[in-house]
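Report on the structure
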Amino acid sequence: MTRASASINGRIIEIEKNETILKAARRLSIDIPTLCYSDKIQHEGGCRMCLVACAGSPRPVAACHTYLTAGMTINTHTPELENLRREILKLYLSEDGCSSLPGDDSGTKFGLLLGSYGITGAWPGKQTQAVDTSNPYLRFNANNCITCRLCLNTCEQIQGQFVYGVAGRGAATRLLLGMTNQFADSPCVTCGACVDVCPTGAITDCDRQDQRQADIKTQTVCGYCGVGCRLEVEALAGVVLRIKPVEDAIVNQGHLCLKGRYAHTYHHSSERLTQPLKKVDNKFEPISWEEALDLAAQKLIEITKIHGPSGLGALSSSRSTNEAAYLLQKLFRCLIHTNNIDCCARVCHSSTALGLQLMTGAGAASASYIDIEKASCIVLAGANPTAGHPVVGARIKQAVLRGASLILIDPRSIELADYADLHCQLLPGTNVALFNGIAKVLIEEDLIDTCYLENRVEGLEELKSFVKELGIEEISAITSVDQDQIVATARLIGKSGPVLFIHGLGLSELTQGTGSVMAFCNLGMLTGSIGLPGAGMLPLRGQNNVQGNADMGGMPNLVTGYQSLVEPKTRKKLELIWGCAPPIKPGLTIPEMIDAAAMGDVHALWIQGEDIVQSEPNETHVREALAKLDFLIVQELFFSETCQYADLIFPACAALEQEGTFTNGERRIQHVHPAVPAPGEARPDWLVIRDVGLRMGANWKHNSPSDIMDEIAQVAPDYFGGISYSRLQPDGLQWPCPAPGHPGTSSLHESKFMRGKGKLACIDYSQSPEHGIADFPFLLVTGRLLEHYNVGTMTRRTPNQLMVSEDVLNIHPEDAGKYKILDGQKVKLTSRWGSTIVTVTSSRRIAPGTLFLSFHFPETHTNRVTGPHHDPQSKCPQYKAIAVRVEAIN
């Protein structure tokens, strides 16, 4: 069958569905000029540069938004059109008031167009207005703005912000930037998307103002949050010049956030660790790598002989690679013969992994980020993605702006509350009660997917009996959410069809963390959402490789690929591949290792890329525990708070300095490439672990990260059997990927759950041990800000420090007035576990009776006030509900 066709400049082209003339012309390598066009946004056609002649049309048509249809005859560059474009460009110049300057030296799209149409000596124009430098990265030069609206549309349609406006008419038209025409006073989140598209350079950034050309460009993966954005890194002489998004990347779709794009100068900070350091008489002295590796091996062997394998432990890093995580757990299991290996997933999403594992058979996301665009209804619980996962946050905003419903369940009125249809602003720590209430309404109003439940899920009758005994009035009293709001939330969920359930640490970092995730997963099953497009469970992972770290066996009760320590088939396989099987007895979790160190039962630790003094709860206890160790190895980029207690420090490579793989929050394994060399003598984590292992008697043959990944595929073929470096370009593969020809798995549980049938759970609500504590009237929630990342080790060494220079306690204005606390005042924040001094500011984003404090700065000592309580199943600490009081310091 012959396809319909059209003609462009005399060349026949077959019609493709919903293709514009502009895109069709580009298929023919015909360049139609544009100024206001971007293929990532809806097309306005306002610049009129893309006008083309269409036979039979009385006037030219805009190629950017006119669809090519059968029989069209298009001419793109007639003399009349070229003259029209030349006059349009001159009109822009006259309206902009440009003066005569010799030629174009801007290198901008607009400047190049001027040159191509023979318009010289007129650009750039008069510099009568001061350049806005209020943002550490972005610059706005109103003198060069032609008001093409491309920045405005990109900001709204990509990031979902509304930073820009346009005022005036005709020659008086001008771009508005916030209330004061300054980035600093606008809602700008410094994503840089507008910089990518500005045709005149009126909006640019500091990295682009440095016009030096890169000597190497490398595509790799971001080393910040768990979204896993792909980057193109431009470097010169071993230093990062600028970072851009990979335009066709599946994960980030050509978008980046403030941290991923701009917070890269920490790589060449003068504070980087560049040599191995040994503590001698309480001072650190540089030593050679040979001496450092020999010392590490010697001390690990020596302490094992004296105290036994259980006297040692390791914490693998979620900022490092899969290969490094795999080797560290292998070293401790094979050479020291202990399962005392854990990772930071313990203190963030261990409750999520366990809850989902029990309910579905897989402790990871069932959905992918692409499901955000497909979703008709999104329930966001206990997560603040516009701060912690900004590219995902932007996609959620765009989904809502396109018509998806959004239900927010969070103690704070975060930015996405402004976009939500409903916001259940619950009391911290009462998730289980609220989710049970929603489940009750879904069941009793017959808003459940009966067919899905009958065929794919067990436990429905038990859950029906369980929720029948619950009272919505009591649930409302427990959660502080109105009864009507609970019912409305359930009805919107139940009537929306399959629902996408996105969740974060506000569910998992509680004493009922596992229960919170399981009760939330009940809602996914009741609505028939898990395994369907645009639906399912999507936990947002905090660090760039926290998913991968757990996948690789960075946990004390499971080996690589979530395999049991006791299963005979697994043990036999490991004996063949490793030469030994790990001990059968599960090891200690991070909190348990810290407790054991404090009691003198753990004598040595290897901490890889985690500053546990700053990040773990109950800081005083952590410091006391580390001080009692006989030997502490730390692998780090900078001299962290934890390094103070180290006996040996290995200088590590950062994300842009090593090869390996990261696994993002949607189970996508991506190839990480070194873009710049590491400073000084810093080495990749995997290489250091291998060399220590060899000195301890291992017969390892790993000569590259690729070799390690090949072994991982052998050890856990059900998950990673089809993973190899040769298959990871460009966008990686999502596990499970069990065979070399397998395409990876975007959505889990499509036809059946990995455990066979999904399991509904009856979870009784139990009050948090931090609720109702006399003399401690507030509940503190801790978390991240947009501008910084975790303990701030990296971002505090970038210009992000100028944007947020300290952790600030948020308090509701009513509470501030009640306790006579003023904005900017120092207050003493006290819990039953400790106290700290912080600056306070009032915010209506906080509910009365609650407080919020970030933990990015070591001098804040946020975790002095967090305590020892944890989920009894997952051992995840409680960071999201701490009983505190606040006292003004006069």
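Residues numbered from 1 in each chain as written. Predicted model: local features only at pLDDT ≥ 70, side-chain atom pairs only at ≥ 80, totals over all residues. Heavy atoms only, no water.

Considering the overall build of the chain
Regarding its fold elements, the chain presents 30 helices and 37 strands. Its C-alpha atoms give the chain a radius of gyration of 29 Å, within 12% of the compact-globule value 29 Å for 890 residues. Burial analysis of the chain (890 residues in total) assigns 63% to the buried set. For the chain, the proportion of contacts with a sequence separation of at least 24, taken over those separated by at least 6, is 71%. Working note: accessible area of the chain is about 32500 Å², and carbon and sulfur atoms make up 50% of it. (Helix = DSSP H or I, 4+ residues; strand = E, 2+ residues; numbered from the N terminus. Rg over C-alpha atoms; globule rule 2.2 N^0.38 Å. Buried < 20%, exposed > 50% of the residue type's maximum accessible area, 1.4 Å probe, protein only. Contact = heavy atoms within 4.5 Å. Areas by Shrake-Rupley, 256 points an atom, 1.4 Å probe, with all protein chains shown as cover.)

Quick word on the layout of surface pockets
If you add up the space inside the largest pocket, you get close to 1200 Å³. Listed by contribution, the elements that provide at least two residues to the lining of the largest pocket are helix H3 (109–116), helix H5 (193–197), strand S9 (203–205), helix H6 (206–209), strand S11 (230–236) and strand S12 (239–245). In terms of lining, the second largest pocket is formed by 36 residues, of which the most central are Ala-387, Leu-785, Leu-786, Glu-787 and Val-804. Secondary structure elements with two or more residues in the lining of the second largest pocket: helix H12 (385–388), helix H29 (800–803), strand S33 (808–811) and strand S36 (850–854). (1 Å grid on protein atoms, 1.4 Å probe; cavity = no way out; pocket = protein on both sides within 12 Å on 5 of 7 lines; lining within 4 Å. Points joined across faces, edges and corners; volume = space filled by probe spheres on them.)

Some words on unusual backbone geometry
In this structure, the amide linkage connecting Gln-729 to the following residue, Pro-730, adopts the cis form with an omega of -5°. Here Pro-730 is to be found in the loop between helix H28 (717–720) and strand S30 (733–734). Cis geometry is adopted by the peptide bond preceding Pro-736, which originates at Trp-735 and carries an omega value of 0°. In this fold, Pro-736 is placed in the loop between S30 and strand S31 (758–759). Even without glycine at this site, Gln-253 takes up a positive phi of about 50°. Note on placement: Gln-253 falls in the loop between S12 and helix H7 (258–262). Owing to a relative accessible area of 33%, Gln-253 belongs among the partly exposed residues under this scheme. Phi is positive for Asp-775, close to 70°, though the residue is something other than glycine. If you trace the backbone, Asp-775 turns up in the loop between S31 and strand S32 (778–783).

Observations regarding the confidence of the model for the chain
Residues with a pLDDT of 70 or more make up 98% of the chain, whose mean pLDDT is 95. Here residues 97–105 is a poorly scored stretch, pLDDT under 50, and it has 26 contacts once near neighbours within four places are set aside; other chains count. (pLDDT = per-residue confidence, 0-100.)

Looking at helix H9 (residues 322–336)
Owing to its 3.6 residues per turn, the α-helix brings residues three or four apart onto one side. Here H9 is 15 residues long and its end C-alpha atoms lie 21 Å apart, about the 21 Å a rise of 1.5 Å per residue gives. Burial within H9 is extensive, with 14 of its 15 residues counted as buried. Looking one or two residues past H9, His-337 carries a phi angle of roughly 65°, positive in sign. (Expected span 1.5 Å × (residues − 1).)

Here we look at the pairing of strand S17 (residues 377–381)
Counting buried positions over the five residues of S17 gives five, a clear majority of the element. Both S17 and strand S18 (residues 405–409) contribute to a ladder of five bridges, which runs parallel. In the sheet register, Ala-381 faces S18, and the bridge partner there is Ile-409. (Pairing = 2+ DSSP bridges.)

Quick look at the sheet that holds strand S3 (residues 51–54)
Across the sheet, five strands lie side by side as S2-S1-S5-S3-S4; this open sheet has mixed pairing. Edge positions in the sheet fall to strand S2 (11–14) and strand S4 (61–62), since each of these pairs with one other strand and no more. Note that S3 and strand S5 (residues 73–75) share two bridges and pair antiparallel. Opposite Cys-54, over in S5, you have Ile-74 as the bridge partner.

Here we look at the nonpolar core
In this structure, Phe-140, Tyr-164, Ile-203, Ile-372, Ile-378, Leu-406 and Ile-502 are the most contacted members of the largest nonpolar core, which totals 73 residues. When residues of this core are assigned to their parent elements, the largest contribution, five residues, is made by helix H13 (residues 390–401). In this view, Ile-372 contacts Ile-378, Val-392, Arg-395, Ile-396, Ala-399, Leu-500, Ile-502 and Leu-538; residues no more than four positions away in its chain are not counted. Of all hydrophobic cores here, the second largest spans 58 residues; its members include Leu-312, Leu-331, Ile-689 and Val-692. (Core = buried A, V, L, I, M, F, W, Y, C linked by side-chain atoms within 4.5 Å.)

Thoughts on the packing of helix H8 (residues 289–307) against helix H26 (residues 685–695)
With their axes 9 Å apart at the nearest point, H8 and H26 run at an angle of 60° to one another. Put simply, H8 runs oblique to H26. By crossing handedness, the relation of H8 to H26 is classed as right-handed. Every residue of H26 that contacts H8 at Trp-289, Glu-290, Leu-293, Asp-294, Ala-296, Ala-297, Leu-300 and Ile-301 is listed here: Val-688, Asp-691, Val-692 and Arg-695. Split by residue class, the contact of H8 with H26 holds eight nonpolar, no polar and four charged. (Axes fitted to C-alpha atoms, helices over the stretch in contact; angles between N-to-C directions. Parallel < 35°, antiparallel > 145°, perpendicular 65-115°, else oblique. Left-handed = near helix turned anticlockwise from the far one by under 90°. Nonpolar A, V, L, I, M, F, W, Y, C, P; charged D, E, K, R; others polar.)

Comments concerning the pairing of S11
Sheet faces and side chains relate simply in a regular strand, where the side chains alternate between the two faces. Across the seven residues of S11, five count as buried, placing the element largely inside the fold. Relative to S12, S11 is paired through six bridges, and the arrangement is antiparallel. Residue Val-233 lies in a different strand from S12, and its bridge partner there is Ile-243. Hairpin connection from S11 to S12: two residues lie between these consecutive antiparallel strands, with Ala-237 at a positive phi of about 50°.

Some details on the packing of aromatic side chains
The relative placement of two aromatic rings is captured by the distance of their centres and the angle of their planes. One pass over the full model with this rule turns up 18 aromatic pairs. Where Tyr-137 meets Tyr-262, the ring centres are 4.9 Å apart and the plane angle is 15°; that geometry is what we call stacked. Taken together, the residues span a long stretch of sequence, with Tyr-137 in the loop between H3 and strand S6 (138–140) and Tyr-262 in helix H7 at a distance of 125 residues. A relative accessible area of 1% places Tyr-262 in the buried class. (Phe/Tyr/Trp six-rings, centres within 6.5 Å; stacked < 30°, edge-to-face > 60°.)

Quick word on empty space enclosed by the protein
On inspection of all chains with the given rule, the structure shows 10 cavities of 30 Å³ or more. Lining the second largest cavity are 17 residues, and of these Ser-317, Arg-319, Ser-320, Leu-637 and Cys-653 lie nearest its centre. Of the residues assigned to the lining of the second largest cavity, the class counts are six nonpolar, eight polar and three charged.

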